[in-house]
Amino acid sequence: MSLPVRVRLTAWYVLLLGAILIFLGAFLTVRLRADLVQGVDQSLDSRAAQISLGFQGKGEGEFQDVSDASLAGLSQGESAAQLLSPGGAVLETSGDPAARLAMVDAVAAARARNGSSVRQTIAIGPDGEPFRVLAVPMRLPPRTDVVVVATSLENINGSVHRLLVLLLVGGPMALALAGIGGWALARKALRPVSLMTRKAAEIGSDRLQERIHVPRGSDELTRLAETLNDMLARLERGAEEHRRFIADASHELRTPLAIMASELDVDLRSPELSPESRDTLESAREEVHRMARIVEDLLTLARIDEGGLVLVRTPVELRALIGRVVDDLRPLAAAEAIRIHVHCDGEVVDADEAKLGQALANLIENGLKYAGSGGEVAIDVSEAAREVVLRVTDTGPGIPRAILPHVFDRFFRADTSRSRDRGGSGLGLAIAQAIVHAHGGRIAAESAPGRGSSFSIALPITRAAG
Ligand code: ADP
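A brief report on the enclosed structure follows. (Residues numbered from 1 in each chain as written. Predicted model: local features only at pLDDT ≥ 70, side-chain atom pairs only at ≥ 80, totals over all residues. Heavy atoms only, no water.)

**Digging into the site of the ligand**
Note the threshold: Only heavy atoms are used to decide nearness, and a residue is near a molecule or strand if one of them lies within 4 Å of it. Identification of polar contacts relies on pairs of N or O atoms within 3.5 Å, with a donor-acceptor requirement for protein atoms, meaning one able to donate a hydrogen and the other able to accept it, and with residues adjacent in sequence counted only if both atoms are side-chain atoms. For the area figures, the Shrake-Rupley method with a 1.4 Å probe applies, and any residue is considered shielded solely by the protein chains shown. Only runs of H or I of at least four residues qualify as helices and only runs of E of at least two qualify as strands under DSSP, and these elements are numbered from the N terminus.
The environment of the ligand is formed by 19 residues, the closest being Asn 366, Asp 394, Ala 414, Ser 425 and Leu 429. For the ligand, an oxygen atom lies 3.2 Å from a polar atom in the side chain of Lys 369. In this structure, Gly 428 approaches the ligand through a main-chain N or O atom, which is 3.3 Å from an oxygen atom. Contact with the protein chains hides 96% of the accessible area of the ligand, taken as 530 Å² for the molecule alone. Counting residues per element, the ones that place at least two in the shell around the ligand are helix H8 (353–371), helix H10 (428–438) and strand S12 (453–460). Considering each element in turn, the shell around the ligand owes the most residues, three residues, to H8.

Next comes the structure, spelled out in structure tokens:
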């Protein structure tokens, strides 16, 4: 699954920030705890020294007073002190948690008596309250006792806990805010890309002269827009060369084809022709006419591309126009025994008669080509609110739904043996469409496959009918 860049950018941003927050949170928690415990250790050091000194100065039996006075300076919370005998027994005690049980085990007491300070974190009491404990030696020659001081770590744990809660509540909130901010930022950063994509998608082969807006600055987006524009310029040049080539080639082919057609006509008039030669010449003439048609179509399209169609508009009475077009096509209809029905009430449109006639002829000719022997082609003219609609319907095989949107594309021919047999060039409907669009009208194809096709031309009414 590929997610939009905006989603991916935001997700990466949030993930990265999440990882940083977790790392920072863990570091802060560990560091804070270590610093606070270090502070406790320092104050335990000085209390233990104070007790030792005080006790040594005042002598036995004064332990409780000395240690109570000393422990009162500890601010961390509950605290206690013990004096352990060389055998590890509790000799004196001060403070609540210090029961008759030694706060350090025999091993730690022995290590302390031997001269090293022993620090431990232990749990005391039924609740297992955590305490930081320090055991140091106290020399009372000839023996060496051990002074143990302890203070609760509850306050420190409370502080660390509060920091954790803060991080757990604040972290997700910061992540959510960063996510929203990241989303908005990514959206802003990618907006020019969306605009470019939309514009590039709009530029079809007929609008290659258009360019994509180049954002200000000199960053990646500017370069992307400039590169796309360079590509459009190359496409435009290519299309122009292509158009010129088609125009030149069809122009060059026109005259020789016309000469060939007239020479074949002359040859065919000769009475001395054998039936075989006549058949061959007639077939050649048919092919030459077909080629001439294709060349004419190509030339028409090249002209349309060159500067659009120049229309010479006059009021055109549609019944007469349809009559003329149908008359020209009667031989084609007769060859296949196709009946042509015309229904027109004499509507008038403001149009270029020759060009509209050509568009109509292309539609009717297609109808005749595809209707099939004994079929029917109907031409209906109706007037709607502000337009006149000419509809050409045939009883042919219809057009498959998948190819219906492409029938107006240049050089498009459904790859069926039927349309190949009929020898079209795939330009007839493209030309009809260009003519109709030049008139400000619409052209559309509908089809019920298996039951025929229907092509309609809708032209705006600019002059009252009649
Ligand atoms: P062609 O010269 O090949 O007929 P067109 O541009 O007139 O070119 O038509 C394009 C394609 O549309 C045809 O090849 C054919 O597949 C399809 N088509 C056009 N008119 C009809 C129709 N009346 N019935 C069925 N298919 C049609």
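**A few points about the sheet that holds strand S11 (residues 442–447)**
Put simply, the test is: When DSSP finds two or more bridges between two strands, those strands count as paired. Comment: axis = line fitted to C-alpha atoms, over the contacting stretch for helices; angle = value between 0 and 180 degrees taken between N-to-C directions. Here, residues are in contact when the closest pair of their heavy atoms is within 4.5 Å.
One open sheet holds the five strands; their spatial order is S7-S9-S10-S12-S11, and the pairing between them is mixed. The two strands at the open ends of the sheet, each matched to only one other strand, are strand S7 (339–343) and S11. Averaged over all pairs of adjacent strands, the angle between strand axes in this sheet comes to 15 degrees, irrespective of strand direction. Strand direction decides the pairing type here: strand S9 (residues 376–383) and strand S10 (residues 387–394), joined by seven bridges, are antiparallel. Its bridge partner lying in S10, Val 381 is registered against Leu 390. This element, helix H7 (residues 318–335), spans S7, S9 and S10 of the sheet and lies at about 180 degrees to S7. Seen against the sheet, H10 touches S11 and S12 and runs at an angle of roughly 140 degrees to S11.

**Considering the packing of aromatic side chains**
Counted only if it meets this: Pairs were defined over the aromatic rings of Phe, Tyr and Trp, the Trp ring being its six-membered one, requiring ring centres within 6.5 Å. Orientation was assigned from the angle between planes: stacked under 30 degrees, edge-to-face over 60, tilted for the rest.
Overall, the coordinates contain one aromatic pair when judged by the stated rule. Ring geometry for Phe 408 against Phe 455: centres 6.2 Å apart, planes inclined by 80 degrees, an arrangement best described as edge-to-face. Of this pair, Phe 408 sits in the loop between S10 and helix H9 (417–421) while Phe 455 sits in strand S12; the two residues are 47 residues apart in sequence, bridging distant segments of the chain.

**Details of the packing of H8 against H10**
Basically, it comes down to this: In this scheme, a crossing is called left-handed if the near helix is turned counterclockwise away from the far one by less than a right angle; it is called right-handed if the turn is clockwise. Polar here means any residue other than Ala, Val, Leu, Ile, Met, Phe, Trp, Tyr, Cys and Pro, which are nonpolar, and Asp, Glu, Lys and Arg, which are charged; Gly is therefore polar.
At their nearest, the axes of H8 and H10 sit 9 Å apart, and the two run at 145 degrees to each other. As H8 packs across H10, the resulting crossing turns out to be left-handed. On H10, the residues that touch Lys 355, Leu 356, Gln 358, Ala 359, Asn 362, Leu 363 and Asn 366 of H8 are Gly 428, Leu 429, Ile 431, Ala 432 and Ile 435. The residue makeup of the contact of H8 with H10, split by class, is seven nonpolar, four polar and one charged.

**A short note on the packing of H7 against H8**
Stated formally: For classification purposes, angles smaller than 35 degrees are called roughly parallel, those larger than 145 roughly antiparallel, those between 65 and 115 roughly perpendicular, and all remaining angles oblique.
Between H7 and H8, the shortest axis-to-axis distance is 10 Å and the interhelical angle comes to 40 degrees. Classified by the interaxial angle, the pair formed by H7 and H8 is oblique. With respect to the hand of their crossing, H7 and H8 are arranged in right-handed fashion. Residues Leu 318, Leu 321, Ile 322, Arg 324, Val 325, Val 326, Leu 329, Leu 332 and Ala 333 of H7 pack against Glu 353, Leu 356, Gly 357, Leu 360, Ala 361, Ile 364, Glu 365 and Leu 368 of H8. In terms of residue class, the contact of H7 with H8 is made up of 13 nonpolar, one polar and three charged.

**What to know about H7**
Cut-off, in case you're wondering: To estimate how far a helix should extend, the number of its residues minus one is multiplied by 1.5 Å. Across the chain, bend at a residue is computed as the angle between axes fitted to the seven residues ending at that point and the seven starting from it. The classification of residues rests on relative accessible area computed with a 1.4 Å probe and restricted to protein chains. Under 20% of the type maximum is buried, over 50% is exposed, and intermediate values are partly exposed.
End to end, H7 covers 26 Å across 18 residues, agreeing with the expected 26 Å (1.5 Å per residue, within 8%). The sharpest bend along H7 comes to roughly 50 degrees, located at Leu 329, with the proline Pro 331 sitting one to four residues further on. Listed in full, the buried residues belonging to H7 are Leu 318, Leu 321, Ile 322, Val 325, Val 326, Leu 329 and Ala 333. In this structure, the buried side of H7 is in contact with strand S6 (313–317), S7, strand S8 (348–352), H8, S9 and S10. Phi for Ala 337, located one or two positions after H7, is positive at around 50 degrees.

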